[in-house]
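Coordinate analysis (summary)
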Amino acid sequence: MECIEHLPHKIPLYGTLVGLLNTEDSDFAAKVVQLCRERIEESLVSGDCNKLRILIRFVAVLMSNNVIAPASLVEVLETLLSLAATTIDDEKGNPAWQPKADFHVFCIMASLPWAGIELLERAPDELERVMAGIEAYLNVRKPIVDTCFTAFPSSNDDYLVDLWKRIKHCQESGWKVESVPRPHLAFEAKLVTCQTHDFGPVTCPYPPEGADESQTSSFGRQHHEAEQKFPQRLRRLSIFPPAKTDECMAPVDRFVVEEYILDVLLYLNGRRKECAAYLANLPVPFRYEYVMAETIFSQLFLLPKPPFKPIYYTIVIIDLCKALPGAFPTVVAGAVRALFSKMDDLDIECRTRLIHWFAHHLSNFQFVWPWKEWIDLVDLPKWAPQRYFVQEVLEKEVRLAYYERIKQSLEDVPKLFELLPPKSLPYFKYTAENQDGCTESEMLLSTELTAMVKSKKTARDIQVWVEEKILPAFGQKSAIEIVVQTLFYLGAKSFTHMITVLERYGQVLSKLATDQSYQVFLIQEVSKVWQFSVQMTVIAIDRMMGYRIISNLSIISWVFGPDNVERFHTSDFLWEILRNAISKTVNRTEDLQRDIIAAQKALDLARAATSKANSNLQTAQSVLDSAETEEAVAQATAKAEWAKTLVEKRKHEEASAEETLDAKHALLNHSLREQEDLFISVFENFCSVLSERLSKASPRSTDMEEDKPSAMDIDNSMENGKEGQKKEQLTEESQWQAATLGQLSAVTRQYATEIWKHMDKLEAQVFSRPVHYLVLKTLNNCIRRI
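Residues numbered from 1 in each chain as written. Predicted model: local features only at pLDDT ≥ 70, side-chain atom pairs only at ≥ 80, totals over all residues. Heavy atoms only, no water.

Concerning the overall build of the chain
Condition: Elements are defined by DSSP. Helices are runs of H or I of four residues or more, strands are runs of E of two residues or more, and each kind is numbered from the N terminus. The cut-offs for exposure are 20% and 50% of the maximum accessible area for each residue type, with area from a 1.4 Å probe on protein chains only; residues under the lower value are buried, those over the upper are exposed, and the others partly exposed. Residue contacts are counted whenever heavy atoms from the two residues lie within 4.5 Å of one another. For the accessible areas, the method is Shrake-Rupley and the probe is 1.4 Å, while residue cover comes only from the protein chains on display. Counted as positive: Lys and Arg. Counted as negative: Asp and Glu, with His and the chain ends omitted from the count. Where a charge sits is defined by one atom per residue type, namely NZ (Lys), CZ (Arg), CG (Asp) or CD (Glu).
A tally of regular secondary structure across the chain gives 35 helices and 0 strands. Principal axes of the C-alpha set define a box for the chain whose edges measure 105 × 100 × 55 Å. In the chain, buried positions account for 52% of the 786 residues. Considering only contacts within the chain whose residues lie at least 6 apart along the sequence, 78% involve residues at least 24 apart. Accessible area of the chain: about 35,900 Å², with a carbon and sulfur share of 51%. Of the charged side chains in the chain, 88 are positive and 109 negative, and the gap between their average positions amounts to 5 Å.

Printed below as a string of structure tokens:
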């Protein structure tokens, strides 16, 4: 059973093994059948999607091997169909949980390629009944429109309807599936003589309760929760022309191959070499490299987030290139070219993932790429998506290597040097060469501070010096400027040097940046020091937030500052800083929630220990009361005294555990308020800058518009009366709007769970104000606010 659940592409082999064992030891096969039914019921209760899907497939294979009767398989499938139909019923179920019902129907259809031909031969009427039930369900369910969750706006097929089309095509072709091995056919004469076991009825949990009609957001919350528990496994990504991906396989074969690939990626995620070996040798009789590339990239681009960290898919692709050197590297290169040609339409978040993947991939292959193919993009505007892509890839490559190494890789195309980031050097204004608006007195103060740091003066000494020498004469902003410029220049030698400076003198900065406005100014000064290295800017701001020198709100305020807003569509580092700030805030809350669970367990153990100690004390006291001889009294007294001491100790431990739990709860409440303030600030700023740059604000509509904001929507939303404006300027404005809306989508999708927790406050303080309809449409679609 463990092999079945973790190597599901071998299920036909394990099914045949059980069938052959059934011919000699029917009790063993009966135990397998019983265990399978029990685990299906457990999966239905726990919502373990992957286990349920695999077990239903295994039941189908058991039927093909005559271990269970066709009627038993049909009963299982119809039980799931009934559960799905009840789930989306307005009266008996809860339509908000349609993702759960869809998944159950998906499990049914996904099992048919492994059993369709046997059901057609042995139970054609029952098979037709199952097909009719699936069609009836599809006719009553609400179609899925997922434009905000697709890599390309055009790829918006309902995954369940698409699978149904493939299953119908398979039915019309007599249920022949070349990609499913049928090892049982070699033992058919022996298998037909064995005993068939009764699978028994599957007990299903009650369908979820209906949404609270008194709360308008209840349906959306529950729908989001359902999608989190029953996520769509694949959003097919069409990178290559169909002639390359589907020329040698039927539609259902493509689905089966995708299932194989996804299962291997899922169950072998901790064993990269083994994963690549299995992927390179799937049990199919045709070439599948193009389908494999599309499937892996579809997982890398899966929205709102991939099943595993993007680095996992990077490693898998690298290992496949090494395992299949004659075929897969060419396919990967073709995928990059195809995606590059569609860059204008690629989702912003997917573009960012592609940038990180491509840079990391090239770093494992000597940074070799035919850059001459893209030489003309240097002539494109800075905000053009293709130029932006290459520029960001080169910047990430420099992070992974060093400037001279990447410049060397571009020697054949010196024209691309223009897209390289500047050399990573700090800018220090207090030098004879720069003297950027600074006075001689400020330069002397910087020199004195440098000497103090080099002589390893304490943070307290420097704080006193700042208060006496700088603040009275120059003010707080000048003090921040001098201290930041000097400290970060001294820590510029390496990342470790910078961290050491922040750890040693961070409290000096904290004392100077006492409120949000000064913290924003501090961030501005740090960005000036590292204006030639976005990587160091990102790291410095991230570490300062980690040391609580600056708050998350000050970072948000700086990111959405007037100067930075104009760079939203030409650089990714601002969005990287924003993502880091949100992620760190959310992670703090999650860490505290885990700490509370651990603290609660510790308290429960302490209470149990106290209870046991009290029980022992009572026992010792009763022994003392019943003691008759002096020796017995002495022994009982000693035991009672020890028991009293132990009770006191356990009570002290229990009180300490209670204090720890209370402290954790207080920290969690503070963290949740901090998280709430963060999301309010993020969405206030997004709504403000977008509504200002889009057409004038329109009243908030309660109607949910399903489609994703298109380029035409954005262009049409611009104010009239600009006939004299150049086309290039109009295009740049549209690109800014599309990029910023894309980043809004990315943030909203990724943190939808946290956003729903604070929806009431967001609704009251942000979304109730006049906001442009495209902004509201994007928000509503990304959190499924139906």
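Some remarks on the side chain of R405
We apply this condition: Salt bridges are identified by distance alone: a Lys or Arg side-chain nitrogen within 4 Å of an Asp or Glu carboxyl oxygen. Whenever two N or O atoms come within 3.5 Å, that pair is a polar contact, provided that in protein one can donate a hydrogen and the other can accept it, and provided that, for residues adjacent in sequence, both atoms are side-chain atoms.
Within the secondary structure, R405 sits in helix 20 (residues 403–409). An unpaired buried charge is present at R405: no salt bridge exists, and E397, the closest side chain of opposite charge, is 8.0 Å distant. For R405, the side chain forms a polar contact with the main-chain oxygen of Q366, separated by 3.0 Å. Apart from residues no more than four positions distant in its own chain, R405 is found in contact with Q366 and F367.

What about a nonpolar patch on the surface?
In plain terms, the rule: Like charges within 9 Å and nonpolar side chains (Val, Leu, Ile, Met, Phe, Trp, Tyr) within 5 Å are joined into patches, using only residues over 30% in relative accessible area that form no salt bridge.
Together, L17, L21 and F28 line one region of the surface with nonpolar side chains, adding up to about 240 Å² of accessible area. Relative to the helices and strands, L21 resides in helix 2 (residues 11–24).

Details of empty space enclosed by the protein
Defined as follows: We place a 1 Å grid over just the protein atoms. Points where a 1.4 Å probe fits but has no way out form a cavity, open points with protein on both sides within 12 Å along at least 5 of 7 lines form a pocket, and any residue with an atom within 4 Å of a point lines it. Grid points are joined across faces, edges and corners, and a volume is the space filled by probe spheres set on the points. Throughout this entry, Asp, Glu, Lys and Arg are counted as charged residues, while Ala, Val, Leu, Ile, Met, Phe, Trp, Tyr, Cys and Pro are counted as nonpolar. The remaining residues, Gly among them, count as polar.
Evaluation of the coordinates by the stated rule reveals 5 cavities of 30 Å³ or more. In this structure, the largest cavity spans a volume of roughly 70 Å³. The wall of the largest cavity is formed by 11 residues, among which T150, A151, R235, L237 and F301 lie closest to the centre. Taken together, the residues of the lining of the largest cavity sort by class into 6 nonpolar, 3 polar and 2 charged. Here the second largest cavity is characterised by a volume of approximately 60 Å³. Every residue lining the second largest cavity is listed: I348, R351, Y388, F568, H569, T570, W575, Q735, A739 and Q743. Listed by contribution, the elements that provide at least two residues to the lining of the second largest cavity are helix 18 (348–363) and helix 32 (727–750). The greatest single-element share of the lining of the second largest cavity, amounting to 3 residues, is contributed by helix 32. A class-by-class count of the residues in the lining of the second largest cavity yields 5 nonpolar, 4 polar and 1 charged.

Brief notes about the packing of helix 21 (residues 440–454) against helix 23 (residues 476–490)
We apply this condition: The convention used is that axes are lines fitted to C-alpha atoms, helices contributing only their stretch in contact, and that angles between N-to-C directions extend from 0 to 180 degrees. Any angle that falls under 35 degrees is termed roughly parallel, while one over 145 is termed roughly antiparallel, one within 65 to 115 roughly perpendicular, and all others oblique. Helix crossings get a hand from a simple test, with the near helix turned counterclockwise from the far one by less than a right angle marking a left-handed crossing and a clockwise turn marking a right-handed one.
Running from N to C, helix 21 and helix 23 point in directions that differ by 45°, and their axes come no closer than 10 Å. By the angle between their directions, the pair helix 21 and helix 23 is classed as oblique. Viewed along their axes, helix 21 and helix 23 form a crossing whose handedness is right-handed. Packed against helix 21, whose contacting residues are E442, L445, S446, L449, T450, V453 and K454, the element helix 23 presents S478, I482, V483, T486, L487 and L490 at the interface.

Let's talk about the layout of surface pockets
Over the atoms, a rolled probe matching the size of one water molecule traces out where space is still vacant. Considering only enclosed or pocket space, the second largest pocket measures out at about 1,000 Å³ in volume. Taken together, 40 residues form the lining of the second largest pocket, with Q531, V534, R567, S571 and F573 sitting closest to its centre. When contributions to the lining of the second largest pocket are tallied by element, the ones reaching two or more residues are helix 19 (385–400), helix 25 (516–529), helix 26 (534–546), helix 27 (552–559) and helix 28 (562–565). When the residues that make up the lining of the second largest pocket are grouped by side-chain class, the tally is 16 nonpolar, 13 polar and 11 charged.

Considering the state of the cysteines
Test applied: Any cysteine sulfur atom paired with another within 2.5 Å is treated as part of a disulfide.
Evaluation of the coordinates by the stated rule reveals 0 disulfides. Not engaged in a disulfide, the cysteine C687 finds its nearest cysteine sulfur in C782; these two sulfurs lie 13 Å apart. Taking relative accessible area as the criterion, C687 reaches 7% and is therefore assigned buried. In this structure C782 is not part of a disulfide, and its nearest cysteine sulfur, from C148, lies 3.8 Å away. Since its relative accessible area comes to 2%, C782 is described here as buried.

Brief notes about helix 21
In plain terms, the rule: By definition here, a helix of n residues has an expected span of 1.5 Å times n minus one.
With 15 residues, helix 21 extends 21 Å from end C-alpha to end C-alpha; this agrees with the ideal 21 Å at 1.5 Å per step. Those residues of helix 21 that sit buried are E442, M443, L445, S446, L449, T450, M452 and V453. Turning to helix 21, the residues buried within the fold contact helix 22 (459–474), helix 23 and helix 24 (495–512). In the segment just after helix 21, K456 is the residue with positive phi, at about 60°.

With respect to the UniProt feature "domain: MIF4G-like type" (unreviewed entry) in the chain
We count it as follows: UniProt positions are given in the numbering used here, feature names are shortened, and annotations may be inferred rather than shown by experiment.
Annotation from UniProt places "domain: MIF4G-like type" (unreviewed entry) at residues 287–412 and 446–754. Annotated as 63% helix and 0% strand, the span residues 287–412 places its first and last C-alpha atoms 35 Å apart.

Some points on helix 11 (residues 218–229)
The first and last C-alpha atoms of helix 11 sit 17 Å apart over 12 residues, in line with the 16 Å expected at 1.5 Å per residue. All of the buried residues in helix 11 are S218, G220, Q222, H223, H224 and A226.

Topic: the pattern of salt bridges
Under the criterion given, the structure shown has 52 salt bridges. Residue K664 pairs with D595 through a salt bridge whose shortest N-O separation is 3.6 Å. Within this pair, whereas K664 is found in helix 30 (residues 630–693), its partner D595 is found in helix 29 (residues 573–626), the two being separated by 69 residues in sequence. Taking the relative accessible area as the measure of exposure, D595 reaches 32% and is therefore partly exposed. Residue E676 pairs with K761 through a salt bridge whose shortest N-O separation is 3.1 Å.

Section: the packing of aromatic side chains
Note the threshold: Each Phe, Tyr or Trp ring, with Trp reduced to its six-membered ring, pairs with another whose centre is within 6.5 Å; inter-plane angles below 30 degrees give stacked pairs, above 60 give edge-to-face pairs, and intermediate values give tilted ones. Either the NZ atom of lysine or the CZ atom of arginine qualifies as a charge over a ring when it sits within 6 Å of the ring centre and within 35 degrees of the ring normal.
For the structure on display, the rule yields 30 aromatic pairs. Here the aromatic rings of Y312 and Y313 are separated by 5.3 Å at their centres, their planes lie at 55°, and the arrangement is tilted. Y312 gets classed as buried once you look at its relative accessible area, which sits at 9%. Through a chain of ring-to-ring contacts, the aromatic side chains of F297, F301, F340, W357, F358, W369, W371, W374 and F389 assemble into a single cluster. Just above the ring of Y547 sits the side chain of R543; from NZ or CZ to the centre is 5.2 Å. A cation over an aromatic ring shows up here: R693 above the ring of W736, its NZ or CZ 4.0 Å from the ring centre.

Comments concerning the side chain of S179
Of note, S179 is situated in the loop between helix 9 (159–172) and helix 10 (188–191). Other than its neighbours up to four places away in sequence, S179 contacts D253, V256, V257, Y260, P283, V284, P285 and F286.

A short note on the confidence of the model for the chain
Put simply, the rule reads: Residue-level confidence of the predictor is what pLDDT reports, using numbers from 0 through 100.
Here the chain averages 90 in pLDDT, while 94% of its residues score no lower than 70. In the model, residues 696–712 has pLDDT below 50 throughout and makes 37 contacts with residues more than four positions away in sequence or in other chains. Residue range residues 714–729 is modelled with pLDDT below 50. Its contacts to residues more than four positions away, or to other chains, number 21 contacts.

As for unusual backbone geometry
Note: most residues except glycine have negative phi, and most peptide bonds are trans. The linkage connecting L303 with the following residue, P304, adopts the cis geometry, with an omega of 10°. Tracing the backbone shows P304 in the loop between helix 15 (289–300) and helix 16 (310–323). Not every positive phi belongs to a glycine, and F367 is a case in point at roughly 60°. In this structure, F367 sits in the loop between helix 18 and helix 19.

Topic: the environment of S533
Among the secondary structure elements, S533 is positioned in the loop between helix 25 and helix 26. The spatial distance from the C-alpha of S533 to the C-alpha of V390 is 17 Å, given a sequence separation of 143 residues. A polar contact of 3.1 Å, which involves the side chain of S533, links it to the side chain of S424.

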